[in-house]
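The lines below spell out each chain.
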Amino acid sequence: LDEWEKINQKIRYLERELKKSNPVDIFSIRRGIYAQQDILKGEEITINKVKFVRPIKGLKDLDWLKIRNKKAKRDIRKGEPIFWNDIIVEDEENK
C-alpha cells in the first residue's frame, strides 16, 4: 500500500476505536433556538432576535432556515425556547 492508504487506514482504525470508547450523543452537541430578546406576537423572527444554545428544547438549530423571517404566533419572552407552535406558517397568515 502506498503511504496515503496506510495513513487513511490508521485514521479509520482510530475513529472506530474512539467511537467504542467514547460514543457521542449527537443531541448533546446540537443547539436549540431561543429568544435573545422579547419577540412580540406578529413580529418577524430574525437572526438578531434569537440565539442558539444548549440544550435543545423546542426547535433545533437546523430548523433556523425554515423559520427565519416568519412571524411569532404569541409573545415569546427573552430566554424562552421557540417551538413550532410559536410560529405562524403561510396557511395561517393567509386566513
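Below or above, wherever it landed, is the structure these notes cover. (Residues numbered from 1 in each chain as written. Predicted model: local features only at pLDDT ≥ 70, side-chain atom pairs only at ≥ 80, totals over all residues. Heavy atoms only, no water.)

## Considerations on the pattern of salt bridges
- In total, this model carries six salt bridges according to the counting rule given.
- Notably, a salt bridge pairs lysine 49 with glutamate 43, separated by 3.6 Å at the nearest N-O pair.
- Between arginine 74 and aspartate 86 there is a salt bridge, with its nearest N and O atoms 2.6 Å apart. Linking arginine 74 in the loop between β3 (71-72) and β4 (87-88) with aspartate 86 in the loop between β3 and β4, this pair joins segments that are twelve residues apart in sequence.
- Relative accessible area serves as the criterion here: at 3%, aspartate 86 is assigned to the buried category. (Salt bridge = Lys/Arg side-chain N within 4 Å of Asp/Glu carboxyl O. Helix = DSSP H or I, 4+ residues; strand = E, 2+ residues; numbered from the N terminus. Buried < 20%, exposed > 50% of the residue type's maximum accessible area, 1.4 Å probe, protein only.)

## Topic: unusual backbone geometry
- Put simply, arginine 54 and proline 55 share a cis peptide bond, and its omega is -5°.
- For asparagine 69, which is not glycine, the phi torsion reads 65° and is therefore positive.
- Along the polypeptide, asparagine 69 turns up in the loop between α3 (64-67) and β3.
- Exposure remark for asparagine 69: the relative accessible area of 45% places this residue in the partly exposed category.

## Looking at the side chain of threonine 46
- Of note, threonine 46 is situated in the loop between β1 (32-35) and β2 (50-53).
- Residue classification places threonine 46 among the buried positions, given a relative accessible area of 19%.
- Apart from residues no more than four positions distant in its own chain, threonine 46 is found in contact with Trp64 and Asn69. (Contact = heavy atoms within 4.5 Å.)

## Things to note about a nonpolar patch on the surface
- On the surface, Trp4, Ile7 and Ile11 cluster together into a nonpolar patch covering about 340 Å² of accessible area.
- Position of isoleucine 11 among the secondary structure elements: in helix α1 (residues 3-21). (Patch = residues over 30% accessible without salt bridge, like charges linked within 9 Å, V, L, I, M, F, W, Y side chains within 5 Å. Areas by Shrake-Rupley, 256 points an atom, 1.4 Å probe, with all protein chains shown as cover.)

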